[in-house]
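Report on the structure
Spelled out, the chains give:
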Amino acid sequence: AFLFSLLCKGELEELNKFAKEFLQENKDDLLVKILLAESLLRPVHNALYNDPPLPQCLDPGLNSELERAATVLIEAVLLCESQNLPALNARCQNNLAVISFMQRRFADAQNYAEDALKLIQSNPFCRINLATALIANGNLPRALRCLDAMPRQLKNHALRLVAEIYFHSCSFEQAIQIWDLLLKQEEDRLWKIRILCRKLEVHRMLRESNKAQACVDTLLSKFQGEPETLFALAHELWQLKQPEEALETIKRAKALASNNLQKWLAWEAGRILFDNDQALSATDEYAEISEENSDSIQNREFCAALYQAGLFQAAYQRAKKMREDKQDVLPGITEIEADYLLRENRWSQAKELIKELADKVPLSARHRVALIRICSVLKQGEEVQAELAALSKIALSAELQEELEQLVSEYKLNPDPAVDNT
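Bear in mind the structure is a predicted one, so any value in this text is a computation, not a measurement.

The rules behind these values
Residues numbered from 1 in each chain as written. Predicted model: local features only at pLDDT ≥ 70, side-chain atom pairs only at ≥ 80, totals over all residues. Heavy atoms only, no water. pLDDT = per-residue confidence, 0-100. Helix = DSSP H or I, 4+ residues; strand = E, 2+ residues; numbered from the N terminus. Phe/Tyr/Trp six-rings, centres within 6.5 Å; stacked < 30°, edge-to-face > 60°. Lys NZ or Arg CZ within 6 Å of the ring centre and 35° of its normal. Expected span 1.5 Å × (residues − 1). Buried < 20%, exposed > 50% of the residue type's maximum accessible area, 1.4 Å probe, protein only. Axes fitted to C-alpha atoms, helices over the stretch in contact; angles between N-to-C directions. Parallel < 35°, antiparallel > 145°, perpendicular 65-115°, else oblique. Left-handed = near helix turned anticlockwise from the far one by under 90°. Contact = heavy atoms within 4.5 Å. Nonpolar A, V, L, I, M, F, W, Y, C, P; charged D, E, K, R; others polar.

**Here we look at the confidence of the model for the protein**
Averaged over every residue, the pLDDT of the protein is 82; residues scoring 70 or more account for 82%. At the level of individual helices and strands, the protein shows its lowest average pLDDT in helix 1 (residues 2–9), which scores 55, and its highest in helix 19 (residues 334–343), which scores 95.

See below:
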């Protein structure tokens, strides 16, 4: 009871301290394990609710707290099962679903949420977590069915999820109807801003400039000093081909923003700079948000910016680590790795990578032309012949046709695939 009162009062450090001391002598106490896990999760919940991170940019400090909480909860689940305590078991499984979702392990999140819902069908939070995981896993119809019977006090939360389902299924009209309803009902200032920004995104995509401008006007009139509003305004300025003004607006937003929002702003600044041929400056922004080994959209863009800025070795190292982490070639990124190897005259290694890319994208004429060049340098005539045969079945752009003709001339090849070019 004492520990539960600490949780309710938000005195999490005290709860953590007492729970650990208690568990040293009573290591199988189920309730204390659950309270300890929830004390670890509470600040993470709060941080993510108020300040959602970039995809794959969860703060390492938060991630370590999640790992600690997951370890405790898995132990608690085993105790619940051995003692036949379905309600507590569902609570643990539900928290494990939240942790898995935060760590982008969406299949695990769905499994945990489903197990929790089987134990307690009436728990609305289990339904919300399951629907969230289903959306992430692309099962939109089932996510909608899951949210059918939500209690009134959680209606706005459920509606936000339903709107996301419609958004991801390109049913934009239905999504906008729900967002308009939520803007009338929602009391949370932060959610109002997020909904307006989401609407703005849709109107931009649909090229509805008047409606997009109405969203911007509302943001500026009602939420002028908010960093989220400045973020939305910066994107509008970028779309209007005013990059300098957009970057200045991002700078103002960064001064006001929380840590995670600063990452979103850095990402936007990196994209604007790269789009305006300032790749070297873009790398500074991407460096704030990119994780070295993960295959994320931020890391791919960072890799491209490094390459465009002429930082070939850094781009090569990052591209190589991403491929090794993925255990597969990455079209659009592995070419950077291969290009560096060619610059270093490591032709055979480059050839292996481009061959894998060509196998992955069989109709890519660009990869076939590159292989013809490499095999010609390596004097591998049979492979040149095989690539010419493959290329003869693919329509070439004027640029690639010209490059192929130069290769034929330079290496004295016969473009007829039936002729031996050994």
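**Concerning the packing of aromatic side chains**
Summed over the entire model, instances satisfying the criterion amount to 6 aromatic pairs. An aromatic cluster is built from F167, F172 and W179, whose rings are joined through pairwise contacts. The ring of W191 is capped by R194, whose NZ or CZ atom sits 4.7 Å from the centre of that ring. R198 extends its terminal NZ or CZ atom over the ring of F167, reaching a point 4.0 Å from the ring centre.

**Let's talk about helix 11 (residues 189–205)**
The end-to-end C-alpha separation of helix 11 is 25 Å, in line with the 24 Å expected for 17 residues at 1.5 Å each. For helix 11, the tally of buried residues reaches 12 of 17 residues, placing the bulk of the element in the interior. Taken residue by residue, helix 11 has L190, W191, K192, I193, R194, I195, L196, R198, K199, L200, V202 and H203 as its buried positions. Phi turns positive, to about 55°, at R207, one or two residues after helix 11.

**Regarding the packing of helix 11 against helix 13 (residues 227–239)**
Where helix 11 contacts helix 13, the two axes come as close as 10 Å, and the packing angle between them is 15°. Taken together, helix 11 and helix 13 sit at an angle that is classed as roughly parallel. As helix 11 packs across helix 13, the resulting crossing turns out to be left-handed. Here helix 11 contributes L190, I193, C197, L200 and R204 to the contact with helix 13, which in turn contributes E228, T229, A232, H235, E236 and Q239. Its residues assigned to classes, the contact of helix 11 with helix 13 shows 5 nonpolar, 3 polar and 3 charged.

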